[in-house]
Amino acid sequence: MISHEVLIVGGGLAGLRAAIESSKYADSAVLSRVHPLRSHTGAAQGGINASLANIEANRDDNWEKHAYDTVKGSDFLADQDAVEVMTREAPERIIEMEHWGCPFSRTQDGKIAQRPFGGAGYPRTCYAADKTGHYLLVTAYEQALKQKVKFYNEWFATSAIVDNGAIKGITAFDILTGDLEVFTAKAVVLATGGAGWLYGKSTNSMINTGSGMAIAYRAGVALKDMEFVQFHPTALYPTCILITEGARGEGGYLVNSKGERFMQRYAAKAMELAPRDIVSRSIQKEIDEGRGVKDLYVHLDVRHLGKNKILSNLPGIRDIAMQFADIDPVNEPIPVQPAQHYTMGGIDCNAKCETTIKGLYAAGECACISVHGANRLGGNSLLDTVVFGKIAGEQAGNFAKNTPQETKKEALYGDALKTEKDQIQRLFEGSGDADTALLREEMRGLMVDKAFMFRNKDGLIEAKSKLDQLGSRLGKLRPIARYKVFNLDLIRAIELREMLELAEVIVASALSREESRGSHVRLDFPKRDDTRFLKHTLAYKTADGPRIEFSPVKIARWQPEERKY
Ligand SMILES: Cc1cc2nc3c(=O)[nH]c(=O)nc-3n(C[C@H](O)[C@H](O)[C@H](O)COP(=O)(O)OP(=O)(O)OC[C@H]3O[C@@H](n4cnc5c(N)ncnc54)[C@H](O)[C@@H]3O)c2cc1C
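Definitions and limits used
Residues numbered from 1 in each chain as written. Predicted model: local features only at pLDDT ≥ 70, side-chain atom pairs only at ≥ 80, totals over all residues. Heavy atoms only, no water. Core = buried A, V, L, I, M, F, W, Y, C linked by side-chain atoms within 4.5 Å. Buried < 20%, exposed > 50% of the residue type's maximum accessible area, 1.4 Å probe, protein only. Helix = DSSP H or I, 4+ residues; strand = E, 2+ residues; numbered from the N terminus. Contact = heavy atoms within 4.5 Å. Near = heavy atom within 4 Å. Polar contact = N/O pair within 3.5 Å; in protein donor to acceptor, adjacent residues only side chain to side chain. Areas by Shrake-Rupley, 256 points an atom, 1.4 Å probe, with all protein chains shown as cover. Nonpolar A, V, L, I, M, F, W, Y, C, P; charged D, E, K, R; others polar. Expected span 1.5 Å × (residues − 1). Patch = residues over 30% accessible without salt bridge, like charges linked within 9 Å, V, L, I, M, F, W, Y side chains within 5 Å. Salt bridge = Lys/Arg side-chain N within 4 Å of Asp/Glu carboxyl O. Phe/Tyr/Trp six-rings, centres within 6.5 Å; stacked < 30°, edge-to-face > 60°. Axes fitted to C-alpha atoms, helices over the stretch in contact; angles between N-to-C directions. Parallel < 35°, antiparallel > 145°, perpendicular 65-115°, else oblique. Pairing = 2+ DSSP bridges. Right-handed = clockwise from strand over helix to strand, strands pointing away. Bend = angle between axes of the 7 residues up to and from the residue.

(A) Focus on the nonpolar core. Among the nonpolar cores identified, the biggest contains 129 residues, and Leu31 and Tyr199 are the most heavily contacted of them. Here the element with the most residues in this core is helix α15 (residues 488-512); it accounts for 14 residues. Setting aside chain neighbours within four positions, we find Tyr199 in contact with Val229, Phe231, Gln340, Arg444, Met447, Val448, Ala451, Phe452, Arg455 and Ile506. Counting 25 residues, the second largest nonpolar core, distinct from the first, contains Met271, Ile287, Ile320 and Val330.

See below:
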């Protein structure tokens, strides 16, 4: 048994920012399935939003305008109290990162440079070329080391230990040795990132399986707004590696097979910098109506920006296009298509990152606070991780500091360990001949076919029934390889169960929302319906699958209106 006052599961930007803060109040540790610097945050390219108002083009910007853009971008589903917290704190968090050494790109006179991003009224996306996530992650990791945070790298969390409605710790195994352990903690922060790998077409890496969401769900916490899955407009064809919105922020054009800048038809004012839900749908419409290139993709053209600007501001995407599509964007347009990108839904929590379990907090992409509502604005997710990572750390640290040490509940921990050991033993023994990889790929294909950008009742019902069948086959898996060291076969089997649970939740939530809002488009209910659905979905785990309930959206100063761009 390993004990810490605060345990943070996840070493991405949200987890590290939480650890930096909690370690000021209590002994803190981070447990992460990969080395923190390999967390998915490192892939973030385009930037992080804050109304710095430090350059001529954004002199009139302020947190209220940032908040309004965020609420409008969210199709009015975001909780406005939480949006206020995020946008008010944004400049302070950016300056803090700058002071900790993050090498932001600069204007000629040395100010933090900001580029325009979709749905934003001003250029307010701070960036470090097109590798912003990498630099922020390294900066936060250095600070966490300085704070003497203890790291358990390459440990995989499997369950939350809860007693009388309060968190007592987690179970996890050391991927290097296969040893299963109980970690006791007075407070736990889940910061495990998104669930993009549920989709066969995704910009996310294969570690984004939504593990922490599934852990919270099984422990009794609701998953909120899981039907809202962001599809990014510009993923490289065919690999789906992200081509940052920053490419359009720098002035890139989207062009169809006829050479038209087709966004004129869909968002005449904002054009390529309309919010992502709108641009993704427009691209898909062009392709579906026969104006895609080879009926498969459209072009993102940055040639007119010139070689110097591409090399200085977009070197990463040039590398990606050259390495993975054999195209140099300096001379040729980039083939792009929409792909899953971000999980707007997640672990239900409030603006203090509190869940319904005492002492259990969530932050970052695994959480739904909700600041992104039905559609996240580009650059707001990295911001979400640093603002709410800090708040979660502060809350968890304080909670731990003010909670007396209780005598260890040996029976509780013993039971938790036994449950996990038994489950792993059952996987080793197997109960049939179903193959984890095949089931996973079927599920990922199904989510693209039936629960992607355009949905309808029949398709979702079919998805539900096929997920049920996949669930039954999951009960008949072939025996998992029995080795202990780096047993990826075992991890894939555990992940599959979790991904199927989350896929069920996405489909059930999508079925329950009979309207189109933000990223969730129901072809059978094409309009937004504020009378019936200006509310969050909450999915609770039951033996018969997810039970959907609803909770009100917190509206403060901005009443819902039609979104025009
Ligand atoms: C390609 C790409 C580009 C992006 N660009 C931008 C951008 O420019 N601006 C922006 O605002 N947003 C961007 N985003 C979104 C943003 O990067 C992410 O939402 C954000 O970085 C998530 O941070 P996080 O800390 O919540 O999770 P992550 O960085 O994904 O970290 C999750 C952590 O949890 C750990 N973990 C997961 N499960 C377990 C488990 N069971 N046990 C132990 N550890 C576990 C992992 O090891 C990891 O350390 C981008 C996303 C992608 C995919």
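(B) Looking closely at the site of the ligand. The immediate surroundings of the ligand are formed by 38 residues, with Ser39, Thr41, Glu365, Ser381 and Leu382 found nearest. In the environment of the ligand, an oxygen atom lies 3.4 Å from a nitrogen or oxygen atom belonging to the backbone of Gly12. Taking Ser39, its side chain carries an N or O atom lying 2.7 Å from an oxygen atom of the ligand. Relative to its unbound accessible surface of 1,000 Å², the ligand loses 98% to contact with the protein. Elements that contribute at least two residues to the shell around the ligand include exactly α1 (13-22), β3 (28-32), β8 (155-163), β16 (334-343) and α11 (380-401). Take the shell around the ligand: its biggest share by element is 4 residues, from α11. Residue classes in the shell around the ligand are distributed as 14 nonpolar, 21 polar and 3 charged.

(C) Main features of unusual backbone geometry. A cis amide bond links Tyr237 with the next residue in sequence, Pro238, at an omega value of 0°. One can find Pro238 in the loop between β13 (229-236) and α6 (246-249). In this structure, the amide linkage connecting Ile369 to the following residue, Ser370, adopts the cis form with an omega of 0°. Mapped onto the elements of the fold, Ser370 is located in the loop between β19 (367-368) and α11.

(D) Quick look at the side chain of Arg444. Take Arg444: it is sitting in helix α13 (residues 436-450). From its side chain, Arg444 meets the backbone oxygen of Tyr199 in a polar contact 3.0 Å long. If near-sequence neighbours (up to four positions away) are discounted, Arg444 is found in contact with Trp197, Leu198, Tyr199 and Gly200.

(E) Just α15, in detail. Taking 1.5 Å per residue as the helical rise, α15 with its 25 residues ought to reach 36 Å, and the 36 Å between its terminal C-alpha atoms agrees with that figure. Counted residue by residue, α15 has 22 buried out of 25 residues, so it is predominantly covered. The N-capping residue of α15, defined by a side-chain oxygen 3.2 Å from the backbone nitrogen of Asp489, is Asn487.

(F) Quick look at a nonpolar patch on the surface. Side chains of Leu176, Tyr483, Val485, Phe486 and Leu488 sit close together on the surface and give an oily, nonpolar patch of about 450 Å² of accessible area. On the secondary structure map, Val485 appears in the loop between α14 (457-474) and α15.

(G) Representation of the packing of aromatic side chains. This model, assessed by the stated rule, comprises 13 aromatic pairs. Judged by centre distance (6.2 Å) and plane angle (55°), the rings of Tyr68 and Trp558 are tilted. Of the two residues, Tyr68 sits in helix α2 (residues 63-73) while Trp558 sits in the segment after β23 (547-552), which places them 490 residues apart along the sequence. According to the relative accessible area criterion, Tyr68 is partly exposed, its value standing at 24%. Between the aromatic rings of Phe156 and Phe173, the centroid separation amounts to 5.7 Å while the plane-to-plane angle is 40°, which identifies the pairing as tilted.

(H) Representation of the packing of helix α3 (residues 80-99) against α11. One can describe the packing of α3 onto α11 by two numbers: an axis separation of 9 Å at closest approach and a directional angle of 90°. Put simply, α3 runs roughly perpendicular to α11. On α11, the residues touching Ala82, Val85, Met86, Glu89, Ala90, Arg93 and Met97 of α3 are Asn380, Leu383, Asp384, Val386, Val387, Phe388, Lys390 and Ile391. Taken together, the residues of the contact of α3 with α11 sort by class into 10 nonpolar, 1 polar and 4 charged.

(I) Representation of the sheet that holds strand β15 (residues 298-301) within the structure. With antiparallel pairing, 4 strands are arranged side by side in an open sheet as β13-β16-β15-β14. Strands at the two margins of the open sheet, each flanked by one partner only, are β13 and β14 (253-255). Strand-to-strand twist across the sheet, computed as the mean angle between neighbouring axes with direction ignored, equals 45°. The strands that helix α8 (residues 276-288) touches are β13, β14, β15 and β16; relative to β13, the one it contacts most, it runs at about 60°.

(J) Fine view of the sheet that holds strand β7 (residues 150-153). Taken together, 5 strands build an open sheet; the order of strands is β7-β3-β2-β11-β18 and the sheet is parallel. At either margin of the open sheet sits one strand with a lone partner, and together these are β7 and β18 (360-362). The average undirected angle you get between the axes of adjacent strands in this sheet is 20°. Packed onto the sheet, α1 meets β2 (6-9), β3, β7 and β11 (187-190) and runs at close to 170° relative to β2.

(K) Structural view of the pairing of β3. Of all the 5 residues making up β3, 5 are buried; the element is thus mostly covered by neighbouring parts of the structure. Each parallel crossover has a hand, and for β2 linked through α1 to β3 it is right-handed. Of the pairings in the sheet, the one linking β3 to β7 comprises 4 bridges and is parallel in character. Its bridge partner lying in β7, Ser32 is registered against Asn153.

(L) Focus on the pairing of strand β10 (residues 180-184). Across the 5 residues that make up β10, a large majority, 4, are buried. Across 2 bridges, strand β1 (residues 2-3) lies against β10 in parallel orientation. By the bridge assignment for β10, Ser3 is matched with Thr184. Here strand β9 (residues 166-174) pairs with β10 via 5 bridges, running antiparallel.

(M) Expanded view of α3. Compared with the 28 Å implied by 1.5 Å per residue over 20 residues, the 29 Å span of α3 between its first and last C-alpha is a close match. Where α3 bends most, at Ala90, the angle is about 45°, and the proline Pro91 comes one to four residues later. Taken residue by residue, α3 has Gln80, Ala82, Val83, Met86, Thr87, Ala90, Arg93, Ile94, Glu96 and Met97 as its buried positions. Where α3 is buried, its residues touch α1, β4 (48-49), α2, β6 (125-126), α4 (132-146) and α11.

(N) Layout of the pattern of salt bridges. Applying the stated rule across the entire model yields 59 salt bridges. When the shortest N-O distance is used, the salt bridge between Lys409 and Asp163 registers 2.6 Å. Here Asp163 lies in strand β8 and Lys409 lies in the loop between α11 and α12 (410-429), a separation of 246 residues in the sequence. Judged by relative accessible area, which is 29%, Lys409 ranks as partly exposed. Among the salt bridges present, the one from Arg303 reaches Asp301, with a minimum N-O distance of 2.8 Å. Judged by relative accessible area, which is 11%, Asp301 ranks as buried.

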